[in-house]
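# Residue-level structure breakdown
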Amino acid sequence: MFKSKLPADPTSLVLGIIALVFGIAGCCCYGVSAIIPLGLSIWGLVMANKSLREYRENPETYERSSYTNVNTARVINIIAVILNAITFLFFIVVFAIYGTFLSTAILEGIRQGQMNDFETSEYDDYKWESDTTVIEAEEYNIEKEIDSVNIDSIVNKN
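Each chain carries its own residue numbering, running from 1 in the written order of its sequence. A pLDDT threshold of at least 70 governs which residues receive local features in this predicted model, and a stricter bar of 80 or more applies before side-chain atom pairs are shown or counted, although totals over entire chains, interfaces and linings include all residues. Working from all heavy atoms in the structure, the side-chain values ignore hydrogens and water.

### Side note on a nonpolar patch on the surface
A patch is a set of surface residues, each over 30% in relative accessible area and not in a salt bridge, joined within 9 Å for like charges and within 5 Å for the nonpolar side chains Val, Leu, Ile, Met, Phe, Trp and Tyr. Only the protein chains shown count as cover for residues, and the accessible areas themselves come from Shrake-Rupley with a 1.4 Å probe. Salt bridge, as applied in this entry: a Lys or Arg side-chain nitrogen positioned within 4 Å of an Asp or Glu carboxyl oxygen. Side chains of Val14, Ile17, Ile18, Val21 and Phe22 sit close together on the surface and give an oily, nonpolar patch of about 430 Å² of accessible area. Among the secondary structure elements, Val21 is positioned in helix α1 (residues 9-26). According to the relative accessible area criterion, Val21 is exposed, its value standing at 51%. Here a helix means four or more residues in a row that DSSP labels H or I, a strand means two or more in a row labelled E, and each is numbered from the N terminus. For each residue, the accessible area found with a 1.4 Å probe, counting protein chains only, is set against the maximum for its type, and the residue is called buried under 20%, exposed over 50%, and partly exposed in between.

### A few points about the packing of α1 against helix α3 (residues 64-111)
To obtain an axis, a line is fitted to C-alpha atoms, over the contacting stretch when the element is a helix, and the angle between two such axes runs from 0 to 180 degrees between their N-to-C directions. For the pair α1 and α3, interaxial distance at closest approach is 8 Å and the crossing angle is 25°. Accordingly, the angle class assigned to the pair α1 and α3 is roughly parallel. The crossing of α1 and α3 is left-handed. Contacts between α1 and α3 involve Asp9, Ser12, Leu13, Leu15, Gly16, Ile17, Ala19, Leu20, Gly23 and Ile24 from the former and Ser66, Asn69, Val70, Thr72, Ala73, Ile76, Asn77, Ile79, Ala80, Leu83 and Asn84 from the latter. Considering only residue class, the contact of α1 with α3 consists of twelve nonpolar, eight polar and one charged. Any angle that is under 35 degrees is reported as roughly parallel, and any over 145 degrees as roughly antiparallel; angles of 65 to 115 degrees are reported as roughly perpendicular and all others as oblique. Handedness of each helix crossing follows the sense of rotation of the near helix against the far helix: counterclockwise by less than a right angle gives left-handed, clockwise gives right-handed. In this analysis, two residues are considered to be in contact whenever any of their non-hydrogen atoms come within 4.5 Å of each other. The classification used treats Ala, Val, Leu, Ile, Met, Phe, Trp, Tyr, Cys and Pro as nonpolar, Asp, Glu, Lys and Arg as charged, and all other residues, Gly among them, as polar.

### Here we look at the nonpolar core
Put simply, buried Ala, Val, Leu, Ile, Met, Phe, Trp, Tyr and Cys residues joined by side-chain atoms within 4.5 Å make one nonpolar core. By size, the foremost hydrophobic cluster in this structure holds seven residues: Leu6, Ala48, Leu52, Tyr55, Tyr62, Tyr67 and Val70. For this core, the element with the most residues is helix α2 (residues 35-57), which contributes three residues.

### Observations concerning the packing of aromatic side chains
When the centres of two rings from Phe, Tyr and Trp lie within 6.5 Å, Trp using its six-membered ring, the rings pair. Their planes under 30 degrees apart give stacked, over 60 give edge-to-face, and anything left gives tilted. Applying the stated rule across the entire model yields two aromatic pairs. Relative to Phe91, the ring of Phe90 has its centre 5.2 Å away and its plane inclined at 75°; by these criteria the two rings are edge-to-face.

### As for the side chain of Asp9
Looking at where Asp9 falls in the secondary structure, it is placed in helix α1. Positive charges are assigned to Lys and Arg, negative charges to Asp and Glu, while His and the chain termini are left out of the count. Despite its burial, Asp9 remains without a salt bridge, the nearest opposite charge being carried by Lys5 at 4.0 Å. Engagement of the side chain of Asp9 in a polar contact is seen with the side chain of Asn69, the distance being 3.3 Å. Any pair of nitrogen or oxygen atoms within 3.5 Å is treated as a polar contact; in protein, a donor-acceptor pairing is required on top of that, and neighbouring residues in sequence qualify only through side-chain atoms on both sides.

Everything listed here is a matter of coordinates, which is why it stays silent on function.
As structure tokens, this is what we get:
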């Protein structure tokens, strides 16, 4: 009698391996790319579970090696789901904490009256030392020595 492979024999194994590789690489991308391998591993896990259920209902129809391949794929997909879910949740928590600190710092700045960077600019104390300004007109040239210029006098504040 001819025995066939389970429907998810190569597919769920390939999905599990790809999900593991991209999940490990996703740690370097701040967890944003962990969504794709998480979906792949869930898809592979569903396919493997469905094929294992078919094998349990009718074991004489399918090859034993196909059963072991799908069972291995199931384990790989479970590991990939756990790894990618932890990575994704970890980086969501990190971004939430970072956002909380950032918004707290912005609110503190607003409460202290520092509404924008133009009011308390880092350039307020910047001065030029001994520059020469040359203004040319049709009839004459004017040169004037400038000892120091404050940027506040140049920038028009509204």
